[in-house]
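For reference, the chains in residue letters:
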Amino acid sequence: MEFIKTAIEPVTASEKAYYFIFLKNDILVKESATTLAEIPCLGEKSLAALAVTEPCFLGRIKERVCYCAQILPGKVPEPYKFINLRSLYGKIENGFWRIAGYARQINDWNMNFTFCGRCGAKTQRKKDEYARACPRCRLVSYPRISPAIITAVIKDDKILLARGINFPNKKMFSVLAGFVEPGEALESCVAREVFEEAGIMIKQIRYFNSQSWPFPDSLMIGFTAVYDSGRLSINPRELIEADWFTADNLPLVPGKQTIAGELIDWFVRQQLMKNSTS
Ligand SMILES: [Zn+2]
């Protein structure tokens, strides 16, 4: 699906537009028993019935324009329904799921920076970029992106996986992750996080790839690393348990739509290759 991101709203818009409408972590979708869920495509009249905040322009899917907005808690008319954005994966076309993640971040920024963080005056949205400017002190606020590292640590034929205290699914194991601190390089962050959470030192820290993770505003930067020294000992404020797992004995792990799932899949493929050549 071709989605063109732009903050510049066209002068003449299509009659109906896609609306990515949020309520906290949930997004409004049109549900049917037989097909995938859809992002509502609304004309002005049906939008008015939903009582949303002033929509913020997002871009275009072909000729159809896209907006995000926030709705007040209350009843929504059939066939609309709120679904948690994270759990919407697989229940909607993948292209729309990705745009919904982007829409959520733009909407959060638009709502959270209504007032200036420095002087408290009401901000104004700029028309040519995603920026809210303060008319009094001139502070400009952009959508927030919080960089976080995520890393697969390998020891011989095993991968380090852990159950985090804050995981939505308490049975799920995943690779270690953590937020980048001010003044920190990504590789230093990887080493620090692994040491803080699991008590071990690592080496050969290599970039893997990255993924936008809009829950609420992370940019996940993936790495692979190799165990160097130390004994595995978890930080109980971060993890419930951690252990080394072989590729043929993995616990419940995240799906491949996540970078965590991609890293674990990379490890499994590496092991398969090794086994086929040995
Ligand atoms: Zn200000």
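Predicted model, so just to flag it, every value in this text is computed and none were measured. (Residues numbered from 1 in each chain as written. Predicted model: local features only at pLDDT ≥ 70, side-chain atom pairs only at ≥ 80, totals over all residues.)

Quick word on the overall build of the protein chain
For step 1, the next point in the chain: When its secondary structure is counted, the protein chain shows four helices and 16 strands.
For step 2, the next point in the chain: Taken along the three principal axes of its C-alpha coordinates, the protein chain extends 65 × 50 × 35 Å.
For step 3, the next point in the chain: For the protein chain, buried positions account for 29% of its 278 residues. (Helix = DSSP H or I, 4+ residues; strand = E, 2+ residues; numbered from the N terminus. Buried ≥ 20, exposed ≤ 12 C-beta atoms within 10 Å, placed from the backbone.)

Quick notes on unusual backbone geometry
For step 1, the next point in the chain: The omega torsion across Glu78 and Pro79 is 0°, close enough to zero to call that bond cis.
For step 2, the next point in the chain: Structurally, Pro79 is set in the loop between β6 (64–70) and β7 (80–84).
For step 3, the next point in the chain: For the bond running from Phe215 to Pro216, omega is 5°, close enough to zero to count as cis.
For step 4, the next point in the chain: Relative to the assigned elements, Pro216 resides in the loop between β14 (201–213) and β15 (218–229).
For step 5, the next point in the chain: Positive phi, normally seen in glycine, also occurs at Asp156, with a value near 55°.
For step 6, the next point in the chain: If you trace the backbone, Asp156 turns up in the loop between β11 (146–155) and β12 (158–164).
For step 7, the next point in the chain: Judged by the 8 C-beta atoms lying within 10 Å of it, Asp156 is exposed.

Looking at the sheet that holds strand β10 (residues 140–141)
For step 1, the next point in the chain: In spatial order, the strands read β8-β9-β10; together these three strands make up an open sheet with antiparallel pairing. Of all strands in the sheet, those with a lone pairing partner are β8 (124–125) and β10, marking the two edges.
For step 2, the next point in the chain: Both β8 and strand β9 (residues 132–133) contribute to a ladder of two bridges, which runs antiparallel. Counterpart to Gln124 in the pairing with β9 is Ala133. (Pairing = 2+ DSSP bridges.)

Thoughts on the nonpolar core
For step 1, the next point in the chain: Ranked by size, the top nonpolar core spans 31 residues in total, and within it Val153, Val175 and Val194 carry the most contacts.
For step 2, the next point in the chain: When contributions to this core are tallied by element, the ones reaching two or more residues are β11, β12, β13 (176–179), α3 (186–198), β15 and α4 (259–277).
For step 3, the next point in the chain: Setting aside chain neighbours within four positions, we find Val175 in contact with Ile150, Thr151, Ala152, Leu161, Ala260, Leu263 and Ile264.
For step 4, the next point in the chain: Core analysis: the next-biggest nonpolar cluster, separate from the first, contains 30 residues, Ala17, Ile27, Phe57 and Ile99 among them. (Core = buried A, V, L, I, M, F, W, Y, C linked by C-beta atoms within 7 Å. Contact = placed C-beta atoms within 7 Å.)

Some remarks on the domain arrangement of the protein chain
For step 1, the next point in the chain: Entries for the protein chain in the domain assignment read domain 1 (3–112), domain 2 (115–143) and domain 3 (146–277).
For step 2, the next point in the chain: Computed from C-alpha atoms alone, the centre-to-centre distance between domain 1 and domain 3 is 33 Å.
For step 3, the next point in the chain: Contact with domain 1, which involves seven residues of that partner, is made by six residues of domain 3. (Domains from an automatic or database assignment.)

What about helix α2 (residues 94–112)?
For step 1, the next point in the chain: In this model, α2 (19 residues) spans 27 Å end to end at C-alpha, consistent with the 27 Å of a helix rising 1.5 Å per residue.
For step 2, the next point in the chain: When α2 is considered as a whole, its buried residues turn out to be Phe96, Ile99, Ala100, Gly101, Ala103, Arg104, Gln105, Ile106, Asn107, Trp109 and Asn110. (Expected span 1.5 Å × (residues − 1).)

Details of the environment of Leu72
For step 1, the next point in the chain: With respect to the helices, strands and loops of the structure, Leu72 is situated in the loop between β6 and β7.
For step 2, the next point in the chain: A residue is classified by how many C-beta atoms lie within 10 Å of it, and Leu72, with 9 of them, is exposed.
For step 3, the next point in the chain: Along the backbone, Leu72 and Ala51 are 21 residues apart, and their C-alpha atoms lie at a distance of 7.4 Å.

Structural notes on the environment of Arg138
For step 1, the next point in the chain: With respect to the helices and strands, Arg138 occurs in the loop between β9 and β10.
For step 2, the next point in the chain: Expressed as a C-alpha distance, the spacing of Arg138 and Thr123, which sit 15 residues apart in the sequence, is 9.2 Å.

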